[in-house]
Amino acid sequence: MTKLLRTTVAAGAAAVLALTVTSANAADPGGLPFPDSTAVGVHNAYEKTAFTYFADALDSGAGMLEIDVWTNVFGAGWRVSHSNPLGNDNNCANATTVAQLRTNSRNRDLAGCLTDIRTWHDANPGHRPVVLKLEMKDGLLGSAGRGPAALDALLGAKLGDALYRPAELTGGHPDLDTAVRAGAWPSRAQLAGRFIVELIPGTVEEQNPFDTLWTDREYAMHLRDLKAAGRLGEAAAFPAVHHAAAGDPRTRYADAGIRPWFVFFDGDASAYAAAGFDTSWYAQRNYYVLMTDAHNVAPAISATTPTEQQARDRLALLARKNASLISADWRTLPAVLSSAVPRG
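Rules of the game
- Counting from 1, residues in each chain are numbered in the order their sequence is written.
- The predicted origin of the model limits local features to residues at a pLDDT of at least 70 and limits the giving and counting of side-chain atom pairs to 80 or more, whereas totals for whole chains, interfaces and linings rest on all residues.
- Side-chain measures here rest on the full set of heavy atoms in the structure, leaving out hydrogens and waters.
- Only DSSP runs of H or I reaching four residues or more are called helices, and only runs of E reaching two or more are called strands; each is numbered from the N terminus.
- All radius of gyration figures rest on C-alpha atoms, and the globule criterion is 2.2 Å times the number of residues raised to 0.38.
- Relative accessibility under 20% of the residue-type maximum defines a buried residue, over 50% an exposed one, and the middle range a partly exposed one, all with a 1.4 Å probe and only protein chains included.
- Between two residues, a contact is recorded if the distance between any of their heavy atoms is within 4.5 Å.
- Two residue types count as positive, namely Lys and Arg, and two as negative, namely Asp and Glu; His and chain ends fall outside the count.
- A charged residue contributes its charge at one atom only: NZ of Lys, CZ of Arg, CG of Asp or CD of Glu.
- Any helix carries an expected span of 1.5 Å times its number of residues minus one.
- Cysteine sulfur atoms that pair up within 2.5 Å are treated as a disulfide.
- Geometry of aromatic contacts follows a simple scheme: Phe, Tyr and Trp rings, the Trp one being its six-membered ring, pair when their centres are within 6.5 Å, and the pair is stacked under 30 degrees between planes, edge-to-face over 60, tilted otherwise.
- Both a distance and an angle decide whether a charge sits over a ring: NZ of Lys or CZ of Arg must be within 6 Å of the ring centre and within 35 degrees of the ring normal.

The name given to the protein in an unreviewed UniProt entry is Lipoprotein, with the source organism recorded as Streptomyces paludis.

Q: Please explain the overall build of the protein as it appears in this structure.
A: Per the secondary structure count, the protein includes 12 helices and 10 strands. The C-alpha radius of gyration computed for the protein amounts to 21 Å, which stays within 12% of the reference 20 Å derived for 344 residues, consistent with globular compactness. Residues counted as buried form 51% of the 344 residues belonging to the protein. For the protein, the proportion of contacts with a sequence separation of at least 24, taken over those separated by at least 6, is 69%. Within the protein, one finds 31 positive and 35 negative side-chain charges whose respective centroids are separated by 5 Å.

Q: Whenever I open this one, helix H4 (residues 148-159) confuses me. Can you help?
A: In an α-helix there are 3.6 residues to a turn, and that puts residues three or four apart on one side. Taking 1.5 Å per residue, 12 residues should reach 16 Å; H4 reaches 16 Å between its end C-alpha atoms and fits that length. For H4, every residue scored as buried is listed here: Pro148, Leu151, Asp152, Leu154, Leu155, Gly156 and Leu159. Taken together, the buried residues of H4 touch helix H3 (110-123), strand E4 (130-136), strand E5 (195-201) and helix H8 (215-228). Positive phi shows up at Gly160, right after H4, with a value of about 55 degrees.

Q: Before we go on, may I ask you to explain the state of the cysteines in this structure?
A: Covalent bonding between the sulfur atoms of two cysteines defines a disulfide. Applying the stated criterion across every chain, the model contains 1 disulfide. One disulfide in the model links Cys92 with Cys113; its S-S distance is 2.0 Å. In this structure, the disulfide formed by Cys92 and Cys113 twists by about 100 degrees around the S-S bond and is classed as right-handed. Here Cys92 is found in the loop between strand E3 (79-80) and H3, whereas its partner Cys113 is found in helix H3, with 21 residues between them in sequence.

Q: What am I meant to see in unusual backbone geometry here?
A: Pro299 follows Ala298 through a cis peptide bond whose omega is -5 degrees. You can see Pro299 is positioned in the loop between strand E8 (288-292) and helix H11 (308-320). One non-glycine residue, Asn44, adopts positive backbone phi at about 50 degrees. One can find Asn44 in the loop between strand E1 (37-42) and helix H2 (54-59). At Asp293, a position not held by glycine, the phi torsion is positive, near 50 degrees. Tracing the backbone through its elements, the reader meets Asp293 in the loop between E8 and H11. Overall, the relative accessible area of 31% leaves Asp293 in the partly exposed class.

Q: I would appreciate a short explanation of the packing of aromatic side chains in the present structure.
A: Geometrically, a pair of aromatic rings is defined through the distance of the ring centres and the angle of the planes. Applying the stated criterion to the full structure yields 14 aromatic pairs. Summarising the aromatic geometry, the rings of Tyr272 and Phe277 are spaced 5.3 Å apart at their centres and angled 70 degrees between planes, so their arrangement reads as edge-to-face. In terms of burial, Tyr272 and Phe277 fall into one category: buried. A ring pair is formed by Trp281 and Tyr287, whose centres lie 5.4 Å apart and whose planes are at 55 degrees; its orientation type is tilted. A relative accessible area of 15% means that Trp281 is categorised as buried. Note that Arg106 overlies the ring of Tyr53, its terminal NZ or CZ placed 5.3 Å from the centroid.

Put into structure tokens, the structure is as follows:
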């Protein structure tokens, strides 16, 4: 075989191999770094109108499940409800056995929801990675024993080794930003059987003129301080920069020292999808981008019952806009909820 022929054959084989790898990733993004695939989540998955029991939400295949949490001093504990700040109104059952997941009484606190999650996890080893998005409706409240450290303790006590923690992603790097930009994210396959907790400030917190320390900034300060103290392993959640903004939205934080602790970004899908919004900035830096209200991106489709093709087309569109996860209320489409496609 001549040298030219050998070179041609080798080049052809390399091209075939590259095509095979690309095709495999397109069909199964399990080998991609976690933010580099686009999954589908459910908004307010704890509501009874969404799922009868939270176990149903876990069984739906969704890549993200959202829970609203209240912490104010007018009620006890960590309450889970959409609009009742004083009590619990939700589909969580505080089940310690599989049989109880759909037979126990509902309306439990956050600890009860986390108990359901752990019980389901133990019965479903190797399940898909799931982002648990906690909207802290009125913020964290350390003075009532519901601050960042208390949240870490609760999440750790209930979910244990099922949690994927900031310290695992940070590794030997000085902060989360440095770690992810160095390629530290595990693949989707490597995160099988794990839960990732994302925190955002809540609608009430953001509208409260007396609240000057929102959840995002407070928890990022907590991460920075834990790292400085050599205790980052205690942290159980990832704060997200809330609301889409052009450029680097972390510049909104006057304290530049907390900016490297944000690698999750969470905002309206229509804003991210707008002409001129450069979402490649996130993909190039390996950041996780959650795009909410995916149904509202023009042309709008149903928030609850689009056709499966409409939902898949929207997933494809926002994957091209570099979403890591999109959310809506498509709970009637389990085949779409369990989907994950490469982003970009």
